[in-house]
2 protein chains.
Amino acid sequence: MTYEEFKEKVGSVILTDEGNCPVTPVVQMLQGKWKLQILYELCIKCPMRFGELKKMLKPITNTALTNALKELEADDLIQRIQYNEMPLRVEYSLTLKGQDLLPVFYSIMQWGIKYIP
Amino acid sequence: MTYEEFKEKVGSVILTDEGNCPVTPVVQMLQGKWKLQILYELCIKCPMRFGELKKMLKPITNTALTNALKELEADDLIQRIQYNEMPLRVEYSLTLKGQDLLPVFYSIMQWGIKYIP
DNA sequence: CTGGATCCTTTTAGATACTG
DNA sequence: CAGTATCTAAAAGGATCCAG
């Protein structure tokens, strides 16, 4: 896509909400130190358990992981399922909405490959 | 792109850096309350002057705008050109690297259109 | 006009200990 | 195992005043 094409599309499609950036709210939703990494892990393996995620995101604390997971669930990007076994088991997985972020991740990744050494 | 396709591509292409999310560093770079909005404004109109940007991002303060612009420039996403006229004029524009974010913005936008009411 | 400098408030993240 | 609760540290953001 060229610069002019973008201007044209954005200008007509969604620049209606008082000139605000249509990208910002989405990125706000993904902000925080851990959310994207969690989503990424769930892209690679899904579902995953709490402890499994914690191990992958190594230096993360319980508090941080819990908070991030809660916010992602509140935004309906991931789903939490609790199995009342002994010991307790909880599994997190991407929702359809969350899976729909894959193309976004991929385009970001393509940019990163080009520009991040 | 499907879930499986993503896994395959990501797994082979870039999952080399110790399992860390390849998307995160890019998003880190775009984090902060104002950076994306600035880039977006520059997508719509480029170049723009300091005061012009300030007007578009209405409640922003000088400090916040200055800081965001500096960081964007440090990441080589925008370019600052100063004209020593009287009164002083400074123009900001997207670099090629910055313009290359357009497809990313567009894919985020598509997602937003689908899921944000 | 385009910021710099300073101070202050708010938000976010980390450490530690504890529970069903 | 999967969290909660509480506290502290750090970072981000805002307000105000000043300068080339």
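Note: the structure precedes this text.
Residues numbered from 1 in each chain as written. Chains lettered and ligands numbered in written order. Predicted model: local features only at pLDDT ≥ 70, side-chain atom pairs only at ≥ 80, totals over all residues. Heavy atoms only, no water.

Asker: An account of the overall build of chain A is requested, with residue identities and associated values reported.
Answerer: Within chain A, the secondary structure is distributed over seven helices and three strands. Traced from its N-terminal end to its C-terminal end, chain A shows the element sequence α-α-α-β-α-α-β-β-α-α. Computed over the C-alpha atoms, the radius of gyration of chain A is 17 Å, more than 25% above the 13 Å expected from 2.2 N^0.38 for a compact globule of 117 residues. Dimensions of chain A along its principal axes, counting C-alpha atoms only, are 60 × 35 × 20 Å. Across the 117 residues that make up chain A, the buried fraction comes to 45%. (Helix = DSSP H or I, 4+ residues; strand = E, 2+ residues; numbered from the N terminus. Rg over C-alpha atoms; globule rule 2.2 N^0.38 Å. Buried < 20%, exposed > 50% of the residue type's maximum accessible area, 1.4 Å probe, protein only.)

Asker: How would you sum up the sheet that holds strand 3 (residues 89–94) of chain B? Please name residues and give values.
Answerer: Residues and elements named next belong to chain B. In space, the three strands of this open sheet follow the order 1-3-2, with antiparallel pairing throughout. The open sheet has two free edges, formed respectively by strand 1 (48–49) and strand 2 (78–83), since each of these has just one partner strand. Where strand 2 and strand 3 come together, six bridges link them in antiparallel fashion. Among the inter-strand pairings, Ile81 is bridged to a residue of strand 3, identified as Glu91. (Pairing = 2+ DSSP bridges.)

Asker: Explain the relation of the copies chain B and chain A residue by residue, including any values.
Answerer: The transformation that overlays chain B on chain A combines an axial shift of 0.0 Å with a rotation of 180 degrees, and the residual RMSD is 0.1 Å. In the structure described here, the two chain copies are related by an operation that fits a two-fold rotation axis. Taken together, the interface assignments show that 98% of the residues at the interface of chain B recur at the interface of chain A, consistent with an identical surface on both copies. (Least-squares fit on C-alpha atoms with pLDDT ≥ 70 in both. Contact = heavy atoms within 4.5 Å.)

As far as function goes, none of this settles anything; it's purely spatial.
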